[in-house]
Every structure is written in C-alpha cells, then in structure tokens.
Amino acid sequence: MAADSMEIDDTLYSRQRYVLGDSAMQQMAQSHVFLSGIGGLGIEIAKNIVLAGVKALTVHDTKKCETWDLGTNFFIREEDILTQRSRVEAVYSHIAELNPYVQVNISAASLDENTDLSFLKQFQCVILTDTRISLQKKINDFCRLQQPPIKFISSDVYGICARIFCDFGDQFEVSDPNGEEVKEIFVQSITKANPGIVTCLENRTHGLQSGQTVTFKEINGMSELNGNTHQIEVLSPYSFSIGDTSDLEDYTHGGIVCQIKTPKTVCFESLEKQLSNPSCLIADFSKPEAPLQLHAAFLALSKFQEQHQRMPRIGCLQDADIMLKLTEDVNMSLMNKAVVNEELVRWLSRSARGSLPPLAAAVGGIASQEVLKALTGKFSPLQQWLYFDAVEVVKGTETVSCEEFFPRGDRYDALRACVGEIMCQKLHRLKVFLVGCGAIGCEMLKNFALLGVSLSGKSGEIIITDPDLIEKSNLNRQFLFRPHHIQKPKSTTAAAATLEINPQVKISARLNKVCPATENIYSDEFYSKLDVVVTALDNVEARRYIDSRSVSNQRPLLDSGTMGTKGHTEVIVPNLTESYNSHRDPPEEEIPFCTLKSFPAVIEHTIQWARDKFESLFTHKPSIYNKFWQTHSSAEQVLQRMKSRESLEGSFQVIKLLSRRPAQWEDCVLLARFKFEKYFKRKAVQLLHSFPIDTRLKDGSLFWQSPKRPPSPIEFEFKDELHFNFIVSAARLFATVYNISYTQKDVSPASIIQILSEVQIPNYTPVEKKIETDENAKKPDHIKLNVSSEEEREAINLLERAISNNIVSKEHLQTTPILFEKDDDSNGHIDFITAASNLRARMYSIESADRFRTKRIAGKIIPAIATATAAVSGLVAVELLKIVAGYGFDSFRNCFFNLALPIIVFTKPAEVRRTQIREGISFSIWDRWTIHGKEDFTLSDFINAVQEKYGIEPTMVVYGVKMLYVPVMPGHNKRLKLAMQKLIKPSSEKKYVDLTVSFPPESDGDEDLPGPPVRYHFSQEDN
C-alpha cells in the first residue's frame, strides 16, 4: 500500500499528528526498527517509538531478569526475577499492548563480532544500547554499506553520564528542518530599487531569517512578484530585501509574503571517524568542554571493559586511577579534544555500574526522537554526538563512605550506585504532591516508582490529583493507560499502574481540581506537610495558582511543560530562586472584534468566527433560554408581566427563540438554510452596500485593501459539498439542542434536497447601518439589555401567538445546550465549524483549511508527542534529586529544548531578588511576616505591632480585594479603633489571614513601597 493512502487513527494519534504531519506518520507506519538492549534506557526507547506508531519493532536482549532490573526497567516485575525469565520475554507483552498498530517481535539470539549481520537488512533503523564499541563500529559499517543506508543510533547511560550517537548516512535528506508552520506576512510596502525592500504591515515582525525563500501573492501594482520565489536578506525585524525590483511596476497596495520550506541534505560521518574527531552538541554552556571531556571518558570506559572484561567497581579508587590513565591516553589520540576532567572521570568510574532512572528517561526521549527523524526525514537530526551528565546530583557526596554506594540486593542497587544509601532513604521518606496525571504526570509517576519515592512504612507518600477521565487520544502519550481504562479516572488508574511498577510505593489518588474552591482540601496545613510539589499541567493559570500556593507555604515546586517537540523545566526553591509568577509571557494577541465580525484576513479569523457561532447558537442562547424559563416557569405569567410593562431581562431574545423553535427535523434543515443565507450571502451584500468596492478613506486610500478583503455573496448550491455539509451539520446540532430525533435517512442528500427544494428565501434589501471598523472596539454583551418599545410589542405578539398555538408546554420551554467537544468525531461539532469557517473563507477569498487543521485551531489543541514528554519528566526528576539532597543554588538547572532542531539548553534558574524597603529592611517573594493578635486586637494594634517587630509602619492594609486601611479614604482613620475580628469577619474555623501591606516611600511624592505578606493570627502563639 502506498504511504500516502494509509489511514491514520486520529482518535489515537491526533495530538502527535499535529507534531509530525501525516506524511511522516505514514512513513513511520511502514518502518521496521531493531533495538538491542532492554535495560533502563532500552525500555524507554522501546516505549516511545511504539507509542509513536512504527510498523514493527524487534527488541533484542540476551540477559536474564535480575533484582537490579526492578529499579531501572519499569516493565519487569518481581515474578520475572523469581521465574528467571529473559528480559525480552518479560517486557514483550507490556511493550506490545502500548499500541495495537505496532507489531512487536523479540530476539534473544547472540549478537557479537562473529554474527552474520545480513538479518539487519530488513530494518530501516538500528538502535544499540549496552553494546561494546567494537561491535558498534562493525554494525555501523554494515548499515552504511546498505542502499539506502540503514540509519544507525547508539546510546548509553552509565551511572550519572549519558551519550547518544547518530549516523544516517552520507546524504540524508531532511524534508522539514524545524516543523514550524510556514509564515504568511501582510505587506505594507515594497520599494522599487536594487535591492527592493519589503516592509511588513503595521510594523509587525516577520520572523524570517536571511537565506530563506519566500514567494508573494495578491500584490497589486508590482504584480510580477506574484508566484515568483526570492531569497531574502533580513534588514530588521520588520523588513527584508528580495533583490532587484527597479524594473518592475510601481507597488500600489496589498500582498502577502509566503515562506517556502526547502529540504536540506545532511552529511554524516561513520562512527569510526567520529570517535577520533567528534562533532558534539553543547547542552550546558556553563561547562562547554564537558561533551569532549565525556567523549574521552566514555572511550576510556570502553577500553577498561575490553581490558578487564568488566565495568569499574563501585567506589574502587584503584579502578578510578586506571580509568583516569586510560582517559589521558585516549585524549592524546583525539583530533578534537579538551583538557581531561579528573573529577568527571572519577564520578563516571564510581557510578558506571549503576543507572540513574531519570537520566535514562531524558536520554530515552531524545534518542527516540532521533529514531523518528531517521525514519521520516522530519526535523533536523543530531550531528552527531550528544553528551550530558548529572554530576551536580552527586557533588555533595564526595565525603560519603564508599560503602554507602555498594549493592544491598534490592531493587534500588542501580540507583544506590549513583547517589548512595542516604539519598535513597530520603527518597523513601519523601512527601510529594503531584498535580495532574496526564502525559507528564504518568512519566513522573514511573520515575518516582523507579526512584523509590515515598515508600510504605517510611512515612513518605505520593498524593496525586486529576479530575479528568481517560480518553482514547491520551493513550498515545500517557503510557500508564490502556484501552480498557477509557472513561476511568486518570488519577486512580495511574496510581494502580504505579503500584504495578513498584508495589512498595505509598500513593493516594484524588479527583479534585486544585483551585481556590478546594482550598479547604488543599489547605495551608496540607502544604505544610509536603516536601515538594510537582506540576504536570497544561495551562498557565493553574500553574500560576499552584506556584502562589507553594510560595505562600514555602514549598519547592518543579514545573514543566511541552508543546510538540519543545519542552521546558523550571525548578523553584524557597529562598534561592524566583518563582513561576516572577516572569510573565506577553498575553496572547486577541483578534479584534471588527475583524472577526466583518473583516477576516486569514483562516484563523474565520475559524474563530465559526467557533463563536457554535457557542452562540448551540451553547449560549440555549443556556439563556433555559435559565429564563427556570426563573419564569409560566409563559402566561411572563405575558401578563410584560403587558403590565414590567421589564424582564432577556425576554425579547428568549421569546424570539421560542417563536422560531423547530418542531421537527425539516424545521432544523430550514433553520440551517436560513442561517446559510444570513451568514454567507446577506452579510456580504450588506457590507458591500455599506462600503462599496471603490470606497476611499479620508487620506484617499482604498477602504478595501490589505488586510481587508471585500466579500463576495455566496449563492446556495445543492451540489456543492461544502454547502451541503454546513446544512447537515447545523441541522443536526439544532436537532440536538431542541430534542428532535432524526434518522440516517434524514441526513441523506436526497432527503435534504427534497426539504430545501420547497423553501422560499425572501429577497434581501440592505439597510443603512453602522458597521464597526475600529479595531479597539470591544465585543458587546451577548444579551441586549435595552429593548425598544417596538421590540417589546413584537415580543408580546410573538408570545401571544405561541400560547395560542400551544407551543409553551414544559418540553417547549426547555433545550439541551451543547458543550463543545473536539475529540468526538461523531458529534458533528468540528464538522459544523469546518464547514462554516471554509464558507466564510470562500466568501472572503481566503485559503480554506482542512478539517484536521480546523480542529487544532478551534479546539486549541496543544501538539504533543511522547518523546518530549519523557525527556521533560526525566529532567524534572533529576532536579528532584537535588532538592531532596538539599543542594545550593549553583547545582540547579532549568532546561529548554526543541528536539526538532535539536537544541537543548541548560541554564541556572533566576536567583531570588530582594526588595529593599529601608536600610536594613528588605524582603523577597519567599518572606512572610507574622503577627499574633488576640480577640480585642485593633487595627491600630496591628500597625503598631508590625512597626515594633519589623521596624517600619504600614501605610496601607488590604485583605484580598477589601481595603482595610487606606488613610486617604474617607472614614478609614476611624477604623484604627476597630477590632481586627470585626474588620475581617473571619469564618469560625479560620485561624489566620494573609494581609497585603505597603509602606511609606523614602522620598515625598514617590509611590508607597510594597511589602511581604503579613500573616495575622487571631490568637496568641501557643505556649
């Protein structure tokens, strides 16, 4: 079957499709992959590429399950150890059930220097883990000899250090280097010169780079540019040059610049060549020489294995000395090298037998993305080495006895070899609050289980909460869930799956949302018992709220998120770093109301318009209708009150809905047809009446010029598929709202045509009306409050007619509002929005969008892929270890990555800032002042207590949104004698409140200075 004809299961892959695109997805679905080594890193890679949807994965491993594996491989169970199963047999069923579309095969055959490698010819990509360098070189050479070359990846995690190597052949074509949507920019002007300079409309940034290729469309005047390609030179964020335009016609107006993506060819060198002259990606610019230092150390580790037929012993100083000498010898032979880092070599030697599960998760995510690049040519591949380490995790253990790192015969031996027994015990006792059990949440729980976080009997506990139920689309990334879990709670299901990985973990699952409404559950007392908060959320507001609660209660917070191949991690530590709320991204730019209503310029405008129409027709108006008739249960009573000239809010709109309410399926179809006429014909006729094509502005320029597009009225056509789709999808939704049943036959073309053939559409005459053109004008409220006397009379007449026609029964006064649901393809929601948006786009000569793109924009879907999720969660868990160890500021790292490029950047977090109020008096976001009062404690007493305890007198006191004391406010000075209890009016169970205070400026005329929150306790401290 041709790749482009393969159907993709959108219910499973929808979020990933937005990352990779259909072409790459189809290429993956035809690819066979070979993976050798199923330890901690190998199982991570297997998980990620099976979730991604390759055609077949063959997993190779020759080892038996050991207790050691329980702490590194999340699919190996205790019974596998007892029955001495092979690792591939133990993990086979678990890997296979991750994705029903992927064929999983296993092999335990010998793979060494004497093996005939011809069996590899069936694979498009080979991945090696836990493989000696000599065998890696042999397999790499074999892969390069094939036509086309088999893509080769090797990766390893040894203790606290890791590496990835890629070789995709001499000539590897990348179809899409970055995966970003192509940019379209409106043109303000183009000079007639050499070179011609293009300026963006209203000084909007173009986001282009020199050397990129663009084309033009809809240029007026300099029309020769339309359809031709030009390489650009960026001059500023708002302008670029395109070559000689001096012989072209004068530019008059309009035009759109369209970026063109061009494939690129990437050249790789063999492993043999790269071993002596490595090309490395630098991830942590605070230690730019680390990759080359690690390269030499890893080669020395390989030599150590060859010479001694084993890994260096844990904590063995003699082995470390040998490793250091080998590293120095290796380094001398390298063409590209750095000064040997003795400390790094000794840490590698000390921990190489172990494995840090979070590091395996992070590297597994990154390596898996390289596999997908190898199979599809989508995104820029790694060239050619990535090294990084987690040495900051262990730097505080230099003086710890070697015995602390020795194995003890339990599932934590691999971890213990890296971080020591003391750290393991701290992890066992940890109290963690994980908010969110989606993709990142599932990965975090897996990391917690492998790390032995919060064990039963050790006073630790993992508390997780998530109010959501599992959907099929979750299964592509949230690997703890299976098809039989659909519609079950995420939190309880994830908790049960975590216990399967590690039955020793103590975990409790909740279904509450963490928000102000649940502060009685997630109270200050709740936070005070925690050691750390971890968020796994998908929206900014929830992050900001939990950040504020963590700061208020001085608890460390680990935040992370992904969008497609991009990911970020942020570590927030009391008194050391700034918080999530310390930085704010610029607000998302809103589409002006007049643009949405009358002057769309791009497809995003028409999709948002269609989404708004959905909300108005099928959600908001039916909800208002229900609310009105719940308040006024009798139509006769409403009529009587209206006749007595009583104003009833929303009555005019509700009665209009009642009078037009469809009674049967045919009415729903007719209603949809009238909506078509209104939206796609009459709207255009009215606009062109109000603003004829030749309308000019005060400055003489044309009204209808870019970005404004003149509309063209659309005549309804039975045979036009888009017209038919709008009628059917709208009629179905009206039927749902008004509780009208219909059959499959009713929605057939023949039935719809028969109904519409009898409809008479009255002629429309445009009227004189004001059409909003001000881009700063706000959208008016949904409900029109001021109703004219004529409208009141019309409403009374309509209601009288409804009563006389007996259409005011209980059933008639009730509707079923529809809540928008993007992931149920059977409900017709996206069908309506796609049809409505594309009809409006056609009316305005805007390029349409397919259903897939429309769904993403209308549903505000965040593209997501398991590779980025795994990488983010691993990096977060590395920072968790540093928090548990109690390390200082310099050890922590935030991370931003874009696996598509690939770029991985580690940075130190923002150091906490202190605000000075007076000489010797300052505070940070982590500070909180405390005042203890008593029953008759007055506001004046409070102010005096702050001055006495902290050396400065407050000038303003605020509780929430209530101003308790502002001296310039009338009557506030009288409040000084009032008791705090009376001013605040706390509930009986409230023991304290947090007050906002400010202080006088040092200089007259300046604004008051903010202070830290002051926690006021209503009673004295307990003795």
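Whatever comes next refers back to the structure up there.
Analysis parameters
Residues numbered from 1 in each chain as written. Predicted model: local features only at pLDDT ≥ 70, side-chain atom pairs only at ≥ 80, totals over all residues. Heavy atoms only, no water. Pairing = 2+ DSSP bridges. Helix = DSSP H or I, 4+ residues; strand = E, 2+ residues; numbered from the N terminus. Buried < 20%, exposed > 50% of the residue type's maximum accessible area, 1.4 Å probe, protein only. Contact = heavy atoms within 4.5 Å. Patch = residues over 30% accessible without salt bridge, like charges linked within 9 Å, V, L, I, M, F, W, Y side chains within 5 Å. Areas by Shrake-Rupley, 256 points an atom, 1.4 Å probe, with all protein chains shown as cover. Salt bridge = Lys/Arg side-chain N within 4 Å of Asp/Glu carboxyl O. Lys, Arg positive; Asp, Glu negative; His and termini not counted. Charge placed at Lys NZ, Arg CZ, Asp CG, Glu CD. Phe/Tyr/Trp six-rings, centres within 6.5 Å; stacked < 30°, edge-to-face > 60°. Right-handed = clockwise from strand over helix to strand, strands pointing away. Axes fitted to C-alpha atoms, helices over the stretch in contact; angles between N-to-C directions. Core = buried A, V, L, I, M, F, W, Y, C linked by side-chain atoms within 4.5 Å.

Asker: Pulling in residues and values, what's your account of the sheet that holds strand S16 (residues 280–281)?
Answerer: The eight strands lie next to each other as S3-S2-S1-S4-S5-S6-S17-S16, forming an open sheet whose pairing is mixed. Of all strands in the sheet, those with a lone pairing partner are strand S3 (103–107) and S16, marking the two edges. Across five bridges, the pairing between strand S2 (residues 56–60) and S3 is parallel. The partner of Val 59 across the bridge, within S3, is Ile 106.

Asker: Go over the environment of Phe 142, please, and point to the residues and values.
Answerer: Tracing the sequence through the fold places Phe 142 in helix H6 (residues 133–145). Residue Phe 142 is classed as buried on the basis of its relative accessible area, which comes to 14%. In contact with Phe 142, not counting residues within four places along its chain, are Leu 117, Ser 118, Leu 120, Lys 121 and Ile 150.

Asker: Please provide a residue-by-residue account of unusual backbone geometry, values included.
Answerer: Put simply, Asn 194 and Pro 195 share a cis peptide bond, and its omega is 5°. Counting through the fold element by element, Pro 195 comes out in the loop between strand S8 (184–190) and strand S9 (197–200). Cis peptide bonds are those with omega within 30 degrees of zero, and the linkage from Ser 706 to Pro 707 qualifies with 10°. Among the structural elements, Pro 707 can be located in the loop between helix H22 (665–690) and helix H23 (721–737). Residues other than glycine seldom take positive phi values, yet Ser 459 does so here, at roughly 75°. Locating Ser 459 in the fold gives a position in the loop between helix H14 (439–451) and strand S19 (461–465). The phi dihedral of Asn 739 falls on the positive side, at around 60°, and the residue is not glycine. Summarising the element assignment, Asn 739 is placed in the loop between H23 and helix H24 (749–757).

Asker: Provide a residue-level description of a positive patch on the surface, including the pertinent values.
Answerer: Residues Lys 597, Lys 621, Arg 660, Lys 678 and Lys 769 make up a contiguous surface patch of positive charge. Tracing the backbone shows Lys 597 in helix H18 (residues 593–597). With a relative accessible area of 44%, Lys 597 lands in the partly exposed category.

Asker: Explain the packing of aromatic side chains residue by residue, including any values.
Answerer: Here a ring pair, both rings aromatic, is described through the centre-centre distance and the interplanar angle of the planes. For the coordinates displayed, the defined rule picks out 48 aromatic pairs. Ring centres of Trp 929 and Phe 999 lie 5.7 Å apart, and the angle between their planes is 55°; on these two criteria the pair is classed as tilted. Linking Trp 929 in strand S28 (residues 929–932) with Phe 999 in strand S31 (residues 992–999), this pair joins segments that are 70 residues apart in sequence. The pair Trp 929 / Phe 999 is uniform in exposure class, with both members buried. Chaining the aromatic ring pairs together yields one cluster made of Trp 609, Phe 614, Phe 618, Phe 676, Tyr 679, Phe 680, Phe 716, Phe 718, Phe 726, Phe 734, Phe 820 and Phe 832.

Asker: Quick one: what's the story with the pairing of strand S29 (residues 956–959), residue by residue and with numbers?
Answerer: Direction of pairing for S29 relative to S31: antiparallel, over a ladder of three bridges. Following the sheet pairing, Met 956 is matched in S31 by Ser 998. Judged from the three bridges that link them, S29 and strand S30 (residues 962–965) form a sheet pairing that is antiparallel. Bridging across to S30, Val 957 finds its partner in Tyr 965. Joining the antiparallel neighbours S29 and S30 is a turn of two residues, in which Gly 960 adopts a positive phi near 65°.

Asker: An account of the side chain of His 1017 is needed here, citing residue identities and associated values.
Answerer: Of note, His 1017 is situated in strand S33 (residues 1014–1017). When near neighbours in sequence (up to four residues on either side) are disregarded, His 1017 contacts Thr 930, Ile 931, His 932, Gly 933, Lys 991 and Tyr 992.

Asker: Any details on the pairing of strand S18 (residues 431–435)? Residues and values, ideally.
Answerer: Looking along a regular strand, one sees the side chains alternate between the two faces of the sheet. Buried residues dominate S18, accounting for four of its five residues. Bridge analysis of S18 against S19 gives five bridges, and the strand direction is parallel. In the sheet register, Lys 431 faces S19, and the bridge partner there is Glu 461. Between S18 and its parallel partner S19, the chain crosses via H14, and the hand of that crossover is right-handed. Here S18 pairs with strand S21 (residues 532–535) via four bridges, running parallel.

Asker: Describe the sheet that holds strand S12 (residues 233–236), listing the residues and the values that go with them.
Answerer: Strand order across the open sheet formed by seven strands is S11-S10-S14-S8-S9-S13-S12, with antiparallel pairing between neighbours. Each of the sheet's edge strands pairs with one partner strand only, and the pair in question is strand S11 (229–231) and S12. For this sheet the average axis-to-axis angle between neighbouring strands, irrespective of direction, equals 40°. Of the strand pairs in this sheet, S12 and strand S13 (residues 239–241) are connected by three bridges, and their pairing is antiparallel. Directly across from Val 234, in S13, lies its bridge partner Phe 240.

Asker: So what about the nonpolar core? Which residues, and what values?
Answerer: If you look at the biggest cluster of nonpolar residues, it comprises 168 residues, and the most contacted ones within it are Ile 95, Ile 139 and Phe 448. Take this core: its biggest share by element is twelve residues, from helix H28 (residues 866–885). The contact partners of Ile 139, leaving out residues within four places of it in the chain, are Leu 111, Leu 117, Leu 120, Val 126, Leu 128 and Phe 152. The next biggest cluster of nonpolar side chains, apart from the first, holds 56 residues, and it includes Phe 676, Val 728, Val 737 and Phe 820.

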